[in-house]
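# Remarks on the overall topology
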Amino acid sequence: MKKYLPIVILSFISMALYINTIRNELIWDDLHFIFSDKNIHIISNIPKFFTPHYWRYEFPSLRKNVYRPLRAISFAVDYAIWHTNPVGYHITNIVLNAIAVVSVFLFVKSLYKNNKLALLAGSIFAVLPHHVEAVAWVKNRSEVMCTLFFLLSLTFFIKFMDYNKNYLYGLSLLSFMFSLMSKETATILPIAIILIGLVYAHKTEQTIRIKQTLLFSLPYFAILAIYLFINYSNFKYDIGKH
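Report on the accompanying structure. These numbers come from a predicted model, not from an experiment.

Next up on the list: the overall build of the chain. Scanning the chain from terminus to terminus reveals 11 helices and 0 strands. For the chain, the residues scored as buried account for 48% of the 242 residues in total. With the model as given, the accessible surface of the chain reaches about 12,700 Å², and the carbon-plus-sulfur share is 69%.

Turning to empty space enclosed by the protein, a few remarks are in order. Within the structure shown, the criterion is met by 1 cavity of 30 Å³ or more. What lines the largest cavity is simply F33, D37, I40, Y54, W55, F59, R71, A72 and F75. The greatest single-element share of the lining of the largest cavity, amounting to 3 residues, is contributed by helix α4 (residues 69-82). Each residue belonging to the lining of the largest cavity can be placed in one class, and the counts come to 7 nonpolar, no polar and 2 charged.

With that out of the way, let us pick up the packing of aromatic side chains. Per the stated rule, a full pass over the model turns up 13 aromatic pairs. When the ring of F149 is compared with that of F178, the centres are 5.2 Å apart and the planes differ by 65°; the resulting orientation is edge-to-face. Taken together, the positions of F149 in helix α8 (residues 141-163) and F178 in helix α9 (residues 166-180) put the pair 29 residues apart, joining distant regions of the chain. The interplanar angle of 50° and the centroid separation of 5.9 Å between the aromatic rings of F176 and Y220 together place this pair among those described as tilted. One end of the pair, F176, is in helix α9; the other, Y220, is in helix α11 (residues 210-241), and 44 residues separate them in sequence. Among the residues examined, Y220 registers a relative accessible area of 0% and is labelled buried. One aromatic cluster is present, formed by F157, F160, Y169, F176, F216 and Y220 through successive ring pairs. Stacked on the ring of W137, the Lys or Arg K139 has its end atom at 4.9 Å from the ring centre.

Evaluated as defined, the whole model comprises 4 salt bridges. Where D78 meets R141, a salt bridge forms, and the shortest distance between an N and an O atom there is 2.8 Å. Here D78, found in helix α4, pairs with R141, found in helix α8; they are 63 residues apart in sequence, far enough to count as distant. Of the two residues, D78 and R141, neither departs from the other in class, the shared state being buried. For K183, the salt bridge goes to E143, with nearest N and O atoms at 3.4 Å. On the criterion of sequence distance, the pair formed by K183 in the loop between α9 and α10 (189-203) and E143 in helix α8 is long-range, its members being 40 residues apart. Using a relative accessible area of 17% as the deciding quantity, one classes K183 as buried. Judged by relative accessible area, which is 31%, E143 ranks as partly exposed.

How two helices sit against one another is set out by the angle between their axes and by the gap between those axes. In the contact formed by helix α1 (residues 5-18) and helix α6 (residues 115-127), the axes pass within 9 Å of each other and the chain directions differ by 10°. Here α1 lies roughly parallel to α6, going by the angle between them. Here P6, L10, I13, L17 and Y18 of α1 lie close against α6, whose contacting residues are L119, G122, S123, A126 and V127. Taken together, the residues of the contact of α1 with α6 sort by class into 8 nonpolar, 2 polar and no charged.

If you look at the biggest cluster of nonpolar residues, it comprises 64 residues, and the most contacted ones within it are F49, F107, L154 and Y220. In terms of residue count, the dominant contributor to this core is α8 (13 residues). Those residues in contact with Y220 that lie beyond four places of it in its chain are S153, F157, Y169, S172, L173, F176, L189, P190 and I193.

Bringing α8 into the picture now. Helix length check: α8 (23 residues) gives 33 Å between terminal C-alpha atoms against 33 Å at 1.5 Å per residue, within 8%. Of all 23 residues in α8, 17 are buried, a share of seventy percent or more. A positive backbone phi angle near 55° is found at N164, which sits one or two residues after α8.

Glancing now at the side chain of T21. Position of T21 among the secondary structure elements: in the loop between α1 and α2 (29-36). Contact partners of T21, with chain neighbours within four places excluded, come to H90, I94 and A136.

Conventions used here
- Residue positions are counted from 1 within each chain, in the order its sequence is given.
- Local features are withheld for residues below a pLDDT of 70 in this predicted model, meaning they are given only at 70 or higher, and side-chain atom pairs are given and counted only at 80 or more; totals for whole chains, interfaces and linings count all residues.
- Values shown for side chains rest on all heavy atoms present in the structure; no hydrogens or waters enter the calculation.
- We count a stretch as a helix when DSSP gives it H or I for four or more residues in a row; a strand needs E for two or more, and each element gets its number in order from the N terminus.
- The classification of residues rests on relative accessible area computed with a 1.4 Å probe and restricted to protein chains. Under 20% of the type maximum is buried, over 50% is exposed, and intermediate values are partly exposed.
- For the accessible areas, the method is Shrake-Rupley and the probe is 1.4 Å, while residue cover comes only from the protein chains on display.
- Space inside and on the surface of the protein is sampled on a 1 Å grid over the protein atoms alone, with a cavity defined as a set of points where a 1.4 Å probe fits but cannot get out and a pocket as an open set with protein on both sides within 12 Å along at least 5 of 7 lines; lining residues have an atom within 4 Å of a point.
- Grid points are joined across faces, edges and corners, and a volume is the space filled by probe spheres set on the points.
- Only Asp, Glu, Lys and Arg are considered charged, only Ala, Val, Leu, Ile, Met, Phe, Trp, Tyr, Cys and Pro nonpolar, and every remaining residue, Gly among them, polar.
- Each pair of aromatic rings taken from Phe, Tyr and Trp, with Trp reduced to its six-membered ring, is defined by centres within 6.5 Å and is described as stacked if the planes are under 30 degrees apart, edge-to-face if over 60, and tilted in the remaining cases.
- Remark: a charge is flagged as sitting over a ring if the NZ atom of Lys or the CZ atom of Arg is within 6 Å of the ring centre and within 35 degrees of the ring normal.
- Salt bridge, as used here, is a side-chain nitrogen of Lys or Arg placed within 4 Å of a carboxyl oxygen of Asp or Glu.
- Here an axis means a line fitted to C-alpha atoms, over the contact stretch when the element is a helix, while the angle between two N-to-C directions is reported on a 0 to 180 degree scale.
- By definition in this entry, angles of less than 35 degrees are roughly parallel, angles greater than 145 are roughly antiparallel, angles of 65 to 115 are roughly perpendicular, and the rest are oblique.
- Contacts were defined at the residue level, with two residues in contact if any of their heavy atoms lie within 4.5 Å.
- Throughout this description, the term nonpolar core refers to a set of buried Ala, Val, Leu, Ile, Met, Phe, Trp, Tyr and Cys residues connected via side-chain atoms within 4.5 Å.
- To estimate how far a helix should extend, the number of its residues minus one is multiplied by 1.5 Å.

Here it is, written out as structure tokens:
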């Protein structure tokens, strides 16, 4: 039980800070993305959210140069459960933020092998005021999801270097894909993988060479290239319309 105490503490802090947001209504873009987009009202439409066609022609926004299928899927799941009740959408945001806070703890713990430092980092992250908009505004859950999967990808990568288990490397790559599909901010992750690989190798006195670290980063860049191709196609379409 003691092992999980920091996770319980961080989850409680995070949820306590934002529990009052469940009283909020859906506003502005929330209404546009959730109520106006009939695609998310049918759960079987989930595969459609991965297609560029949806983001070019059916996504209810003037901006077509985005590709965020994971957020759309989360809205579809919320709608299937809660329909138009805003409480459920805010609960989802609160829970996602709590998991993101825990992911900060797991990342710092895996990097520095220090529970107290990881708990401190997670606590600071939880109370930072500039996260309010990302949690309180439903449509901005894309930022929370991106952060969550970004940190999980880095954490799995570090654990892969620790234990040399291929499934951990696979989970890191999968988390990177989820992060990209949440928000385009995740495009910087391959650089972070290289930096962490080099710094981590030095800190732990392991014999991970620069060539190895660069080799490990190649699949991340390949995933990024595919994502940029999809996003660039959407961007060209958006420019062409105007």
